[in-house]
Each structure stands twice: as C-alpha cells, then as structure tokens.
Amino acid sequence: MTGAALASLALLERDLRAVARSRSQLYSSVLFPLMLMALLGAGVSSGLAPNSPRIIDGDYTSFLAPGMIAMTALFSSTFSSAGFYRDRESGLLRAMLASPHSARTILFGKALSAILIGSLQAFAVLALAVVIPGIDLAWQFGWLGGVATVVATVLALSFMLSGLSLLLALRVKTMQGFHLIFNLVLFPLFFLSGAFFPLDQVPGWLEVIGYINPLTYAVDLLHYACYAPSPDGLIGPLIDGLVLGGFALIVFTLGLSRAPRAV
Amino acid sequence: MPSSVQSPIESPSPLQEPAQLRAAGFEWPGGRGVSDVDLQVRRGEIVTLLGPNGAGKSTILKMLSGEITPQHGSVAIFGEPHGAVARRRIGLVLQESSTDDLMTVQETLELHGRLFGLPRGELARRCEDILEALDIADRAADRCETLSGGLRRRLDIARALLHHPDLLLLDEPTLALDPESSAAIWQSLHRRAGDGVAVVVCSNDTAEAESNADRVVIVSDGRVLADDTPQHLTSALKNDALELDWPSPSDDELSLLSSWPGVGAIARHEGALHLTVDSSAEIVPLLFQQFGSRISGIRIRESSLRDAWFQIVGLPLDDLPTQLAAERKEGERVRQP
C-alpha cells in the first residue's frame, strides 16, 4: 500500500473510532429516518389515503423507505462535516496538514470516512426496513441486484455529498454558516427529489426543478432497486446511474481540487 | 528518546544547510503580513521570534512550516525547497493545543506516526520513549479531554518530536502555562537542541527568550528589526530600566525627557512609560523634581531584553508623538542579518 493510502487508512480508522465513541450521533442518524417512516408513513397512509399509482396500495410507509435511505446518507455527510469543523477548530486539521502528505490526501482520508460512515448508516436503515414488518419492498432486480444497486447508489450519493461538504467547508468558516447553507440548499432539493412525493404529479415548475436536482436521480435509482415493482419508473436506471455518477465524480473531484494546505 | 533510532526516511540533502527564509514576504487578505524577512536557523540552535501580537511571527512560522508559500523571496529547509521531503523534517507545535478530545494520548501519537509513515513496531517504541521523556507515560490511555493545559502542551510537543524532526517550530508553546510546566517544556527543547535539532519558538515573553534562546529575532509590523544573541541585544542598552506610572505624558514632557543626558529609549506600554537610563540614581531625583506630581509610581530594575524590545520596536509607536517615534525608529532600529 502506498504512503497516501496508509495515511488515508489511518484517518479513516481515527474517524470511525470517533463516531463509535459519539453514540448519540450514531443512534440518532439511524433512528430518525425510522421514526419518520413510522410516524409520517402511518399518518399519511391512514390520514390522507394517497392514491398515486407510484405509492403502491397507498402504503406511504414503504414508499418512504428509499427516500429515508437517501436522507440518512445526506444527514451523515452533514454530521461528518461537523467533524471537519471540529478538527479545524481544535487545530488537529492543521497538525495533519503539516504531515508529508498533500492536503488532498488528508482531505481524501477524511472524506473517505464520511462516505463510509454515511453509507454504513444508510445500509443500517435499509436492513431495518427489510426486517420491520409492514414495510414492503419489491426487489425487481432480485435481492442481489437490488442490494448491489442500493450500495452503488448510496456510495455515489455519499461521494457527491462529501464533495459538496468539502467545497462548502473549505469556504465557509463557521459550522453555523455551513449548516445554514447546507439546510437552505439541500433540504429543498431533498424535498424535491421524489423522496416524499412522486414528482410526476407535481406542478410543472416543480417538476422541472426536480429534474435538474441530482438527488432526484439517487432517490429514483433507490426506488428502482428496492421499491418499484416494475421497470416503469420515473426516469430510468441507466440515466439515473449516469447522472448520479457524473455528479458524484465532478463534485468530489472539485471538492478535493480546492484543498489548501493552510486552513 | 534514544538518538540511535534512525528515521525511516533517508536524508536526501546535507543538513549542514540552515533552514532559511530569504527576503520572504507574505500578505494576508486585508493587508497584514510580513515582508523582506531574512532568517537562518542552524541545527542545534534555539531561535526565538519575539514580538507583540500581530507582529507577523506566526506568518514567519507558517512560511517555514510550509503552511503558506512566500509570495516574495524563498524558503528552504536544510537546502530543500518546501515539499513532502522538507515537511518530514519539520515538527510543528501550533499556538493552540491541537488535540482531539475524543482521542487518547496514545491514539493521538499513533495517528501522527502513521501519517509520517512510521512502521508499527517502531511507532510503538517511539511512543513509549517520547511519553517517558515528556513525563506523560502514565496518561497514555487517557482521553485528551482529561488533560490539563500543561499536559496537552507536552502532548503537542511529543507529537511534533515523534518523527524525529530536524527543525522544530513552536508557536508560543508556554503561553498561559504555570512556571513548572513552562520549565519542563524548555528543558525538553534544550535537550532537543542538544541533539542537533533546530528550534524556532514564537514568543512575546522577553524573559523567557532572554533565558533560553541562542538568538532572538525581533519582529514588528511584519518586519525583522533585529536578529542577534540576547547578550548582544542587551549590551547596547543603558544600565537601568525605569517603569513610570505616568498615564498621559504630553508631547512637550516627552521631548524634554528625551533631551536629558543619560536617558535612552522611551516607550509607552499599558499606561506606563518605560525608559532606559545610564544611572537611575541620577535620573530618578530629576524626574520627581520636574514631573513629581504627574508620576504616581516608579519601578527600577536592571535593563533586560524587554527594554531592548521596547527600544527597538518602540511599542506602541502610535502612543508616542509622531516625530519622536519616527526619530527613534530611524535611530534605534538595528538590523543584523
């Protein structure tokens, strides 16, 4: 293994240990989406009786599951950025950047842990959704194909969000400012991603925003992988994969390319 | 730490070359920074960058550490331009303790060692040695959040020394520490210098610099104003230093005072007037005779590096009458590269 790979591994281990010690973060990031599925899902399913053809049998709880997997990855990347700010404020990031490795290697190591932690938490939500009675998932590509698609989607989404977090965190000096911008941009994008309601039944202008929203492609792909019973979906897995992968590559590369030595 | 342990990294350049900045300059957004800085640090030397807050000491340190690249001039670390090779030779201690509360002392060192590519066995041995040497071995398994300020500082230094650097850069390592902790840290730095490590310390503590540094570099307003041994810097001073509680002397009073024979540098700082004089026995009676009602207190001591700092920097210049300050700057600033 090269020196840069060993350094990234050391940073990954350190961040994983930090998350393991911060149990409240660990639990809340998995429990919150489950709670949302249970409360919002049950409330909307019985109280509003949704009749969209995309919400199978009016079961809103199951419809929410792919979106909640995406949301977990989204939240985790936000929490990981908190780790970035904590390291910056404590001076540890400066100490790390004084090592022989390039700033890009250090930030890659940190991003890697954010991606891994976010992905593992998202998979935990998926695993719980599978075992919880009352959540019906249809694996149209089969178990193996479906899980592989979910893994690839979550990883690509985490790469994209991690790159976006880096881009923001390297510019916005305070964590409060970071969260403000993140929430201001990402929450509306998340609401317009198809996670909470099907995009083909919203007003035209919302649908347009939905289609230029990269999160839409992640949620759509997750729907294909574990929820939709047939290939007749909103966009199409190939386009979803290409757009999401392209965004992930561009945003993550951009995030790393801006890495300064002094922070 | 045994000196027989060799760094796993081969030295590609002769270490007889100093770490140096040549006519280096850097301007931060907003205008602050340093310009035209010449500095050489040789192995085994302890050099203190002395100056008030905001003078540019940390910027100089950052140019040496490679955190920032000089916009003018050049930097070389023992003959190497800045890069991964040079950074392997540098140990850096930041102004604020830079530890993660959630990590233990041992984990902090291990992370650093792994970033510097130390093999596991070697790393374990070095951790043990350095923790023993800095007297924190008994806290190895404790989380950093449980450490006192002094212990955190020792951990910062342990981390900076772990990869056996040839150049150790420390930004105010003893700031806000009790005398015992400060003494322990300086003792450790002297040991490293004895082993041939070049040590650069940022400080605004003149007493500490006078006692510990081989050379003192006085920095003010982004410029190096003096670079010499503490002994040489103080030898040009008058014999005695007076500190007068005289909150607001007028321009005329200051001009009159400076015209007296035997009166050297005059500077104001924190509501007091500092001056160096040939003989306090001659000047003090004159002071009370002339300005007695204006002076509420007086302290007399032998001149020290603190007075050399005031004399050279004229701190704070904007408190002195412009003309007087300009004259003093012109006449008293010394530059000895």
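All of these numbers come straight from a predicted model, not from anything done at the bench.

**Student:** Let's hear about the interface of chain A and chain B: which residues, and what values?
**Tutor:** Chain A puts 26 residues into the contact, and the matching count from chain B is 24 residues. Interface of chain A and chain B: buried area, both sides summed, is about 2200 Å²; carbon and sulfur atoms make up 57% of it. Taken together, the connections running from chain A to chain B amount to 6 salt bridges. Its salt-bridge partner being Asp-100 of chain B, residue Arg-86 of chain A comes within 3.6 Å of it at the nearest N-O pair. Applying the counting criterion to the chain A and chain B interface returns 9 residue pairs in polar contact (both at pLDDT 80 or more). Listing elements by their share of the side of chain A that touches chain B, those giving two or more residues are helix H1 (3–21), helix H3 (60–90) and helix H4 (92–97) of chain A. Counting residues per element, the side of chain A that touches chain B draws most heavily on H1 of chain A, at 9 residues. For the side of chain A that touches chain B, the per-class residue count stands at 13 nonpolar, 5 polar and 8 charged.

**Student:** Give a description of helix H9 (residues 251–259) of chain B that names residues and reports values.
**Tutor:** All names here are of chain B. Listed as buried for H9 are Glu-253, Leu-254 and Leu-257. Seen from one end, H9 has its buried residues packed into an arc of 95°, which puts them on one side. In this structure, H9 carries Asp-252 and Ser-259 as exposed residues pointing more than 90 degrees from its buried face.

**Student:** Got a sec to walk through the domain arrangement of chain B? Specific residues and values, please.
**Tutor:** Residue and element names in this part refer to chain B. Taken domain by domain, chain B holds domain 1 (19–232) and domain 2 (236–332). Each of domain 1 and domain 2 was reduced to a C-alpha centroid, and the two centroids are 34 Å apart. Taken together, the 13 residues of domain 1 in the interface contact 8 residues of domain 2. The tally of links from domain 1 across to domain 2 stands at 0 salt bridges. Breaking the side of domain 1 that touches domain 2 down by element, the ones donating at least two residues are helix H7 (206–212), strand E8 (215–220) and strand E9 (223–228). Each residue belonging to the side of domain 1 that touches domain 2 can be placed in one class, and the counts come to 7 nonpolar, 5 polar and 1 charged.

Scoring rules and cut-offs
Residues numbered from 1 in each chain as written. Chains lettered and ligands numbered in written order. Predicted model: local features only at pLDDT ≥ 70, side-chain atom pairs only at ≥ 80, totals over all residues. Heavy atoms only, no water. Contact = heavy atoms within 4.5 Å. Buried area = accessible area lost by both parts, 1.4 Å probe. Salt bridge = Lys/Arg side-chain N within 4 Å of Asp/Glu carboxyl O. Polar contact = N/O pair within 3.5 Å; in protein donor to acceptor, adjacent residues only side chain to side chain. Helix = DSSP H or I, 4+ residues; strand = E, 2+ residues; numbered from the N terminus. Nonpolar A, V, L, I, M, F, W, Y, C, P; charged D, E, K, R; others polar. Buried < 20%, exposed > 50% of the residue type's maximum accessible area, 1.4 Å probe, protein only. Arc of directions from axis to C-beta. Domains from an automatic or database assignment.

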